[in-house]
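Okay, here's what each chain looks like letter by letter:
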Amino acid sequence: MAADTPLFSIPIPALGDAHPGGAITATQPAPGVYLLTWVSPPDNRLTTPFCRALLAALDVIEFGGYAPGVVVTTSGIPKFYSNGLDLEHAITTDGFWALFYDVWRRFLTFPMPTIALLNGHTYAGGLMLSLSHDYRLAPSPKGFLCLNELLFGAPLKPAMAAIFRHKLTPQAYRTVALEARRFSGPEAVDVGLADGLAPGGLADALAFVAERDLLAKPKAGVYGTIKAEMHKGLVAEIAGAGLAAEEKRFDEDHRREADRREFGKVWYEQWAKDNNHKAKL
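Description of the structure in this document. Since the structure is predicted, the reported quantities are computational estimates derived from the model, not experimental observations. (Residues numbered from 1 in each chain as written. Predicted model: local features only at pLDDT ≥ 70, side-chain atom pairs only at ≥ 80, totals over all residues. Heavy atoms only, no water.)

**Focus on the overall build of the chain**
Step number 1: When you go through the chain residue by residue, the secondary structure sums to 12 helices and 10 strands.
Step number 2: Overall, the chain is about 80 × 40 × 40 Å in size when its C-alpha atoms are taken along their principal axes.
Step number 3: The buried share of the chain, taken over its 281 residues, is 47%.
Step number 4: Looking at the chain alone, contacts between residues at least 24 apart form 69% of all its contacts between residues at least 6 apart.
Step number 5: Roughly 13700 Å² of accessible area belongs to the chain as shown, and the carbon and sulfur atoms make up 57% of that amount.
Step number 6: Computed over 28 positive and 30 negative side-chain charges, the inter-centroid distance for the chain is 4 Å. (Helix = DSSP H or I, 4+ residues; strand = E, 2+ residues; numbered from the N terminus. Buried < 20%, exposed > 50% of the residue type's maximum accessible area, 1.4 Å probe, protein only. Contact = heavy atoms within 4.5 Å. Areas by Shrake-Rupley, 256 points an atom, 1.4 Å probe, with all protein chains shown as cover. Lys, Arg positive; Asp, Glu negative; His and termini not counted. Charge placed at Lys NZ, Arg CZ, Asp CG, Glu CD.)

**Side note on the environment of Ile-61**
Step number 1: For Ile-61, the position within the fold is in helix α1 (residues 48–63).
Step number 2: In this structure, the C-alpha to C-alpha distance between Ile-61 and Leu-15, residues 46 residues apart in sequence, is 26 Å.
Step number 3: Here Ile-61 is in contact with Phe-8, Tyr-34, Leu-36, Tyr-66, Val-71, Phe-110 and Met-112, once residues within four sequence places are set aside.

**Re a nonpolar patch on the surface**
Step number 1: On the surface, Leu-87, Ile-91 and Phe-152 cluster together to form a nonpolar patch covering roughly 290 Å² of accessible area.
Step number 2: Inspection of the secondary structure puts Phe-152 in helix α5 (residues 149–152). (Patch = residues over 30% accessible without salt bridge, like charges linked within 9 Å, V, L, I, M, F, W, Y side chains within 5 Å. Salt bridge = Lys/Arg side-chain N within 4 Å of Asp/Glu carboxyl O.)

**Overview of the packing of aromatic side chains**
Step number 1: Taken as a whole and assessed by the stated rule, the structure comprises 14 aromatic pairs.
Step number 2: Measuring from centroid to centroid gives 5.2 Å for Phe-100 and Trp-104, while their planes differ by 70 degrees, and the two rings are edge-to-face. Placement of the pair is Phe-100 and Trp-104 together in helix α3 (residues 96–109), with a separation of 4 residues, close to one helical turn.
Step number 3: Taking relative accessible area as the criterion, Phe-100 reaches 1% and is therefore assigned buried.
Step number 4: Residue Trp-104 is classed as buried on the basis of its relative accessible area of 0%.
Step number 5: Summarising the aromatic geometry, the rings of Phe-164 and Tyr-173 are spaced 6.4 Å apart at their centres and angled 10 degrees between planes, so their arrangement reads as stacked.
Step number 6: One aromatic cluster in this structure is built from Phe-96, Trp-97, Phe-100, Tyr-101 and Trp-104.
Step number 7: Taking the ring centre of Trp-97 as reference, the NZ or CZ of Lys-157 above it sits at 5.0 Å.
Step number 8: Above the face of the Phe-144 ring, Arg-182 is positioned so that its terminal group lies 4.0 Å from the ring centre. (Phe/Tyr/Trp six-rings, centres within 6.5 Å; stacked < 30°, edge-to-face > 60°. Lys NZ or Arg CZ within 6 Å of the ring centre and 35° of its normal.)

Spelled out as structure tokens, the structure:
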């Protein structure tokens, strides 16, 4: 079978005018290396259809009789690995967040090594998805990695904060979350967002697999078990009762913060009156 001959393809159904649909196609560019290439114009937004298609693709590789190997994900759209969530869809669609985090959990516990081959811009939710992989290869010379929620006023939900806290050093997490910095490929490697550069695309991913002897790692059958134990704290935070408890805590924190701000305004008005200052509210 030719390296670019599809093993299978999972359709990504259309979702309104903004998301015309696409597919995730699996090929085997080298023995034991399963390449999942997604194309969901215009910029690979992570919608419900996309997430379901990705889970299905991982299931086919695990349960479809394929030998244990290495899973590499990338994009068939040259400019974008993924430009993140469709935020309106995410907010208004029942069950989306649990589904999105289930995709992370699947990668975090998948019984084979996984590599995100970042061929282009990897923003927000796309960056989170890449962090759920075991390894990341950063785009070079073009393409940025960025968590830009700060810039458009979207708070990090508990699970989102958890994956960055789990995967990055405190210093790198601070820079990523509180500065919304755009990282070039080399900068991403320097702070630990990525494990290497991939100016040669797939060829570099195959070289990375060979250098780390990754094809041998899942053969004993315990790779997924070790990963699940390594990431057990994070997995507990992003699924089931742990996720529900964290969301409840997050909502309660926001309620208390709203109360604090309201009290602060009242306090300031009284302070300004008592001290003959004009309140500027």
